[in-house]
Every structure is written in structure tokens, then in C-alpha cells.
Protein chains: 2
Amino acid sequence: MRISAKADYAVRAALELAAAGEGVSVKAEVIAGAQGIPHKFLEGILGDLRRGGLVASQRGGNGGYRLARPADTISIAEVIRVVDGPLVSVRGVRPPELSYCGPAESLLPLWIAVRANVRKILGEVTLAEVAAARLPGDVLGLAEDPEAWTNP
Amino acid sequence: MRISAKADYAVRAALELAAAGEGVSVKAEVIAGAQGIPHKFLEGILGDLRRGGLVASQRGGNGGYRLARPADTISIAEVIRVVDGPLVSVRGVRPPELSYCGPAESLLPLWIAVRANVRKILGEVTLAEVAAARLPGDVLGLAEDPEAWTNP
DNA sequence: TCATTCCCTATTTTTCCAGTAGGGAAAATA
DNA sequence: TATTTTCCCTACTGGAAAAATAGGGAATGA
């Protein structure tokens, strides 16, 4: 299970906008510099976010991008979905479209459970919370366990 | 976040072995037929599982593959790691190797929390449980929520 | 000895990811 | 109006990884 560069970049760009403050425009070039993202690649991502209704843009001098909604109403899951499609997929298809047979039948509810769990976290955490380094208690609880930081 | 065909196939193959019973050998061709997996592709996967110590093999007539350990001691996470490497990665690298700056700093604990949650589920569920359609209570609880089955 | 089955290496095919290139359109500024 | 700035759009490229195929070699059991 891998989170794509595009999803990672999109969230980081959105966080820069959240940190800039409501209604403040930031140029793509500035975001690219701040987060070390290739400029032209980022422009494509910001275009996706705009078409997805998460970001608004302004051309010309002093133009740039800003969040289309308050940062505390945009979840990380929304950002990822807009640029990458479904949050979790198996062989490229969403779990409910899968069909298993024989001893693998219970694999479907298992993938569903995994997806539900990922949704729970990424769906409840907002850009505002991450940008302000104030993660919700339950998420912080998971992240504070030292074991969560070790590689198996 | 996508689960690869290889990981999906590997788990399904392992489930066939779990269902066959302890110490019973099953031919690759039979597994491939039962689960609709390309035969030669599956052979490669079974080779990975064998080198990873999860499966034992026997050549010649009446040969085949069998689990190297009891099915209730092998987690789904183990199977996936053997064929695909790290369970969760961001841009191909494991979360602890990432570094973020500025308003994205709290992204790291967030990915860690996601990973911890995925580990929790896939690490606690065993081949025996899935093959027997007896998922643990907490996993079943997640999968039973009707909302978990809807696409956003 | 012979059929069976796993085992190994290489190759192909396809797909998608990540990044690049270049110019066009709108908006502000002078 | 001219100019600069900045977003906007289309195309495309290189490369890696995923998914699958091919063909034969080495055990094993009958």
C-alpha cells in the first residue's frame, strides 16, 4: 500500500495554503519552493485541486492559489481523492467491486475493514489541524506509540 | 493506496493452502485454477513465499506446496510483506525515513498513525481466520457498518 | 526410465508514475 | 495600451514497476 508522490505533494501544497491564512493567495512557485516540489508538476496538481473545488485561483500579478473553503472543513481524504481517485483499491478496483470465491471469500470484508479504518483517520483529520500541528486525540494516540515508529 | 495484484494473489494462494489443511500439499496449477490466477505468475509468487519461509514445497508427482507453519500463526501482513515489501509507504519510502518542513511537519505522525492502524488489522488477522470465515470481532465490527461498503 | 512438478532465468507487454516543454489566456500594473 | 505576471492547457517523454509469458533444468516418485 503506497501513497503516491502526487497525493503527498497535493496534501503538502494544501497545507501551505491553509497556513497562509483564509483568503490569502500564494503563488505556485512559492509553494514549490517551500515544499521542494517540481514547479510544473505542482501546477498540474493545483489544477486538479481547483477542478475538484478545493482551491480557487487568481491570474495575473499578485495572483496565486487559495483554499476555496475554510481549512477546518477540508479533510486529508478529500485532497487525496481529488488527485488520486479512490482512497484504497485492490488491483486498481474499489473493494465493493471485487469478488472472491472459496476460502478467500472473507477477504472482501477484510479489505473493507482496512478501508474503513483508513477513511476514519484521513476523513476526520483536517488541513487546519495538520497545519497547526494539532492532530485529534485518537490519531495522536496511535502516532505516539513508539512501536508505530519501528520498521518490522 | 493500492493493494497490488501480487499481494492479493499471494494472500488468496495462502488461503487455499490454509483451507487444504495442515501438511497437505496442493499443486500450483490447482491453486491457479481455483482462484483464477495466471499459473506461471503464481509460481513466481509461491517462490517468494517459499524463500520468505511461509511455504514449503515438494517436487515430483504428488508434489505441491503447503504452509510451512500452522495457518493460525501466519498473519495477512506477513504474507503481503514477503511478496511486496513494506506494508505502507509514501512515494516508495517508509514513513520514518520521510522528512517534512513548515506546515507539513505533522504529516509524518499522520502517516505513522495510518500505518499503525493498517498494521493493527492485517497483523492480527491470520490465514486460519480468513479461510474459516471467522474474522476477529473488532475487524468484523468495522466491516459490518453499512457505511463502510459505500463508495464516497 | 519416465511422467510429474517445482525451480530458475530471461523476456515481453503493458501500464502508470513522475516529470518536462512550450505556449496561450486572463488579470493587474504602469 | 503595452507589459509583466501568473495561471492554464495540451502534449509528450522517459523510465520504472507491475503483470504476465516462455522455455527449459532439476528434483522426486512411480
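Residues numbered from 1 in each chain as written. Chains lettered and ligands numbered in written order. Predicted model: local features only at pLDDT ≥ 70, side-chain atom pairs only at ≥ 80, totals over all residues. Heavy atoms only, no water.

Naming follows an unreviewed UniProt entry, where chain A appears as Rrf2 family transcriptional regulator of Streptomyces niphimycinicus.

In this structure, what is going on with the protein's contact with DNA strand D? I would like to understand it.
Lys27, Ala28, Arg50 and Ser57 of chain A together with Lys40 of chain B are the nearest of the 26 residues found near DNA strand D. Ala28 of chain A is positioned with one of its backbone polar atoms (N or O) 2.8 Å from a phosphate oxygen of DNA strand D. With respect to DNA strand D, the side chain of Gln58 of chain B contributes an N or O atom lying 3.1 Å from a phosphate oxygen. Elements with a contribution of two residues or more to the surface near DNA strand D: helix H3 (39–51), strand S2 (55–58) and strand S3 (64–67) of chain A together with helix H1 (5–20) and helix H3 (39–51) of chain B. Broken down by element, the surface near DNA strand D gets its largest block of residues, four residues, from H3 of chain A. Partitioned by chemical class, the residues of the surface near DNA strand D number six nonpolar, ten polar and ten charged. (Near = heavy atom within 4 Å. Polar contact = N/O pair within 3.5 Å; in protein donor to acceptor, adjacent residues only side chain to side chain. Helix = DSSP H or I, 4+ residues; strand = E, 2+ residues; numbered from the N terminus. Nonpolar A, V, L, I, M, F, W, Y, C, P; charged D, E, K, R; others polar.)

Could you clarify how one ought to interpret the relation of the copies chain B and chain A in this entry?
Mapping between the two chain copies consists of a rotation about an axis together with a translation along that axis. Least-squares fitting of chain B to chain A yields an RMSD of 0.1 Å, with the transformation described by 0.0 Å of translation along the axis and a rotation of 180°. The symmetry that links the two subunits is that of a two-fold axis. Residue Met1 of chain B of chain B places its C-alpha closer to the rotation axis than any other residue of that unit, at 2.5 Å. Here 100% of the interface residues in chain B have copies in chain A that are interface residues too; the copies meet face to matching face. (Least-squares fit on C-alpha atoms with pLDDT ≥ 70 in both. Contact = heavy atoms within 4.5 Å.)

Looking at this structure, I do not really get the protein's contact with DNA strand C. What am I missing?
Contacts to DNA strand C come from 26 residues, most closely from Lys40 of chain A together with Lys27, Ala28, Arg50 and Ser57 of chain B. A share of 71% is what sugar and phosphate atoms reach among the atoms of DNA strand C within 4 Å of the protein. Contacts to DNA strand C include Arg59 of chain A, whose side-chain N or O atom sits 3.2 Å from a sugar or linking oxygen. When residues of the surface near DNA strand C are traced back to their parent elements, those giving at least two are helix H1 (5–20) and H3 of chain A together with H3, strand S2 (55–58) and strand S3 (64–67) of chain B. By residue number, the principal contributor to the surface near DNA strand C is H3 of chain B, which donates four residues. A per-class count over the surface near DNA strand C returns six nonpolar, ten polar and ten charged.

Looking at this structure, I do not really get the pairing of S2 of chain A. What am I missing?
Within a regular strand, the side chains alternate between the two sheet faces. All names here are of chain A. One ladder, built from four bridges, connects S2 with S3; its direction is antiparallel. Looking at S3, one finds that Val55 is bridged to Leu67. Hairpin connection, S2 to S3: the antiparallel pair is bridged by five residues, and Gly60 has positive phi, about 85°. (Pairing = 2+ DSSP bridges.)

What is the right way to look at empty space enclosed by the protein in this model?
All chains considered together, the criterion is met by three cavities of 30 Å³ or more. Estimates place the volume of the largest cavity at around 50 Å³. Lining the largest cavity are Arg81, Pro86, Leu87, Val88, Arg94, Arg115 and Arg119 of chain A together with Pro152 of chain B. Across the lining of the largest cavity, the residue classes tally to four nonpolar, no polar and four charged. (1 Å grid on protein atoms, 1.4 Å probe; cavity = no way out; pocket = protein on both sides within 12 Å on 5 of 7 lines; lining within 4 Å. Points joined across faces, edges and corners; volume = space filled by probe spheres on them.)

Mind showing me how you'd approach unusual backbone geometry here?
Among all residues except glycine, the phi angle is most often negative; among peptide bonds, the trans geometry is most common. All names here are of chain B. Backbone geometry places Asn62, a non-glycine residue, at a positive phi of 60°. You can see Asn62 is positioned in the loop between S2 and S3. Its identity is not glycine, yet Ala133 carries a phi of approximately 55°, on the positive side. Note on placement: Ala133 falls in the loop between helix H6 (127–131) and helix H7 (137–144).

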